[in-house]
Amino acid sequence: MKLYIDDANPEEIRRLWTLYPADGVTTNPSILSREGSDPRSTLNQIRQIIGSEAELFVQVLADEADEIVLEAETIAGALGGRTVVKIPSVPAGFQAMKALKAKGIVTCGTAVYTPMQAYLAAKSGAAYVAPYLNRIDNMGFDGVRIVKQIQDILTRGKYGAEVLAASFKNSQQVLELCEYGIGAATCAPAILDGFVKNAAIDAAVAAFTADFEKAVGKGKTMKSILG
Ligand code: G3P
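Before going into details, it helps to say that this report is about the structure given with it.

Reading guide: rules and limits
- Residues numbered from 1 in each chain as written.
- Predicted model: local features only at pLDDT ≥ 70, side-chain atom pairs only at ≥ 80, totals over all residues.
- Heavy atoms only, no water.
- Helix = DSSP H or I, 4+ residues; strand = E, 2+ residues; numbered from the N terminus.
- Buried < 20%, exposed > 50% of the residue type's maximum accessible area, 1.4 Å probe, protein only.
- Contact = heavy atoms within 4.5 Å.
- Near = heavy atom within 4 Å.
- Polar contact = N/O pair within 3.5 Å; in protein donor to acceptor, adjacent residues only side chain to side chain.
- Areas by Shrake-Rupley, 256 points an atom, 1.4 Å probe, with all protein chains shown as cover.
- Nonpolar A, V, L, I, M, F, W, Y, C, P; charged D, E, K, R; others polar.
- Core = buried A, V, L, I, M, F, W, Y, C linked by side-chain atoms within 4.5 Å.
- Pairing = 2+ DSSP bridges.
- Right-handed = clockwise from strand over helix to strand, strands pointing away.

Here Ala8 is to be found in the loop between β1 (2–6) and α1 (10–19). Since its relative accessible area comes to 0%, Ala8 is described here as buried. Placed 37 residues apart in sequence, Ala8 and Gln45 show a C-alpha to C-alpha distance of 9.4 Å. The contact partners of Ala8, leaving out residues within four places of it in the chain, are Ile13, Thr27, Ile31, Leu32, Glu35, Thr42 and Ile46.

This paragraph deals with the site of the ligand. What surrounds the ligand is the set Asp6, Asn28, Lys86, Tyr132, Arg135, Ala166 and Ser167. Within the side chain of Asn28, one N or O atom sits 3.1 Å away from an oxygen atom of the ligand. The separation between an oxygen atom of the ligand and a polar side-chain atom of Lys86 is 3.4 Å. Alone, the ligand offers 310 Å² of accessible surface; in the complex the protein occludes 75% of this. Tallied by class, residues from the shell around the ligand come to two nonpolar, two polar and three charged.

In this section: the nonpolar core. Counting 56 residues, the largest nonpolar core has Ile50, Ile150, Phe168 and Leu177 as the members making the most contacts within it. When sequence neighbours within four positions are dropped, the list of residues in contact with Leu177 reads Leu133, Val144, Val147, Lys148, Ala165, Phe168 and Ile182. The next biggest cluster of nonpolar side chains, apart from the first, holds eight residues, and it includes Tyr4, Val84, Cys108 and Leu164.

Turning to the pairing of strand β3 (residues 55–59), a few remarks are in order. Across the five residues of β3, five count as buried, placing the element largely inside the fold. Because side chains alternate across β3, one face comprises the buried residues Glu55, Phe57 and Gln59, and the other comprises Leu56 and Val58, equally buried. Where strand β2 (residues 24–26) meets β3, three bridges bridge the pair, whose relative direction is parallel. Among the inter-strand pairings, Gly24 is bridged to a residue of β3, identified as Glu55. Across five bridges, β3 lies against strand β4 (residues 82–88) in parallel orientation. Across the sheet, Gln59 pairs through a bridge with Lys86, a residue of β4. Remark: the β3/helix α4 (residues 65–79)/β4 crossover connection has right-handed handedness.

Listed below in structure tokens is the structure:
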């Protein structure tokens with residue numbers, strides 16, 4: 001499963017990018033707006049941190065197909081590297097995805113709440129479809145079950161699109177989808193950190209250090225013993 005950081009704070013991204021094996025960064029207009037009024041500078045900083053080989057997802061705001069295509073071309077041209085353009089999975093969005101596929105611009109069908117939206121985005125040529133798991137849960141449906149259903153539709157239909165599950169509220173939801181073999185998940189910093197936030201893990205690591213230091217002295221490591 002590919003793993004993305006769902007955030008736009010350059011410092012947080014630098015920290016998480018350094019620690020974890022992430023494949024890229026996903027943003028949306030709301031996430032970018034939290035960083036202030038200059039999304040161009042924020043996006044350029046993120047691109048610099050993750051490099052040109054990693055995927056950076058940036059969403060369009062236009063709502064007419066022709067304008068979406070022009071905006072997508074601008075995004076891809078301005079941010080370079082492996083930029084993926086997020087396009088809402090609505091009728092004008094599907095029209096734009098088809099046109100952008102023909103132009104070689106990689107897209108992600110976003111704002112996916114239903115399996116048939118995902119089907120249409122995939123069939124329109126989107127490389128990713130992004131269901132919003134937690135928001136689906138909040139509507140009274142089973143988000144994990146719907147994301148699995150979307151994964152099955154994409155796999156069996158062989159559309160060449162991957163699921164990029166988004167909007168998680170806990171690591172258990174990520175685990176269930178990881179186990180199921182979904183293509184990708186994007187997680188907010190707190191969810192990512194939560195994968196390894198466990199007192200038992202910290203206690204085990206601290207006990208190894210304490211035992212070793214008891215035998216050979218405070219601050220000693222294998223480097224100082226064997227080096
Ligand atoms: O990027 C889209 C998605 O991550 C939204 O998450 O937490 O706003 O539902 P959330």
